[in-house]
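Coordinate inspection notes
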Amino acid sequence: MNRVKKKIKAIACEILGCKRISFRKRFRRIGFESLSFTELVVKTEEAFGIELLIDEIARFRTLKMFAVYAESKIDDSKRHL
């Protein structure tokens, strides 16, 4: 697991108050609701200095899908430097 995915997993665990979390289960099954998901988005944006688009994020169902998207935004921001 790369550093981006590890950091997002750590953020998710912090928000949900757990030590371990599934990367493949649906957000609702691991305990995320709209407010906690919003917190995940904000903390991820802050951690990596990126902007995540809500329209795009709404279609992701798992933490893994979210992490792949966030990682692509990090890669995009590096290309524009």
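These notes cover the structure that comes with them. Residue positions are counted from 1 within each chain, in the order its sequence is given. Only residues with pLDDT of 70 or above have their local features reported here, since the model is predicted, and side-chain atom pairs are shown and tallied only from 80 upward, although totals for entire chains, interfaces and linings are computed over all residues. Excluded from the side-chain calculations are hydrogens and water; all other atoms, namely the structure's heavy atoms, are used.

1. As for the environment of Ser22
What counts is decided by this rule: Runs of E in the DSSP output that reach at least two residues are strands. Runs of H or I that reach at least four are helices, and both are numbered from the N terminus. Contacts: residue pairs with any heavy atoms within 4.5 Å of one another. Here a polar contact is recorded for every N or O atom pair within 3.5 Å, except that within protein the pair must consist of a potential hydrogen donor and a potential acceptor, and residues adjacent in sequence are included only if both atoms are side-chain atoms.
With respect to the secondary-structure elements, Ser22 resides in the loop between α1 (3–16) and α2 (27–30). As for Ser22 and Arg3, which are separated by 19 residues in sequence, their C-alpha atoms are 17 Å apart. What Ser22 contacts, discounting residues up to four positions off in sequence, is Ile30 and Leu63. At 3.2 Å, the side chain of Ser22 forms a polar contact with the backbone nitrogen of Arg24. Polar contacts involving the side chain of Ser22 include one to the main-chain amide nitrogen of Lys25, which spans 3.1 Å.

2. Topic: helix α3 (residues 34–48)
What counts here: To estimate the expected span of a helix, subtract one from its residue number and multiply by 1.5 Å. Three labels apply to residues, based on accessible area from a 1.4 Å probe with only protein chains included: buried if under 20% of the type maximum, exposed if over 50%, partly exposed otherwise in between. Arc, as used here, means the arc of the directions from the helix axis to the C-beta atoms.
If you check α3, its first and last C-alpha atoms are 21 Å apart, about what 15 residues at 1.5 Å a residue would give, namely 21 Å. Turning to α3, its buried residues are Ser36, Phe37, Leu40, Val41, Thr44 and Phe48. Down the axis of α3, the buried set is contained in an arc of 145°. They therefore lie on one face. Opposite its buried face, α3 presents the exposed residues Ser34, Leu35 and Glu46, each directed more than 90 degrees away.

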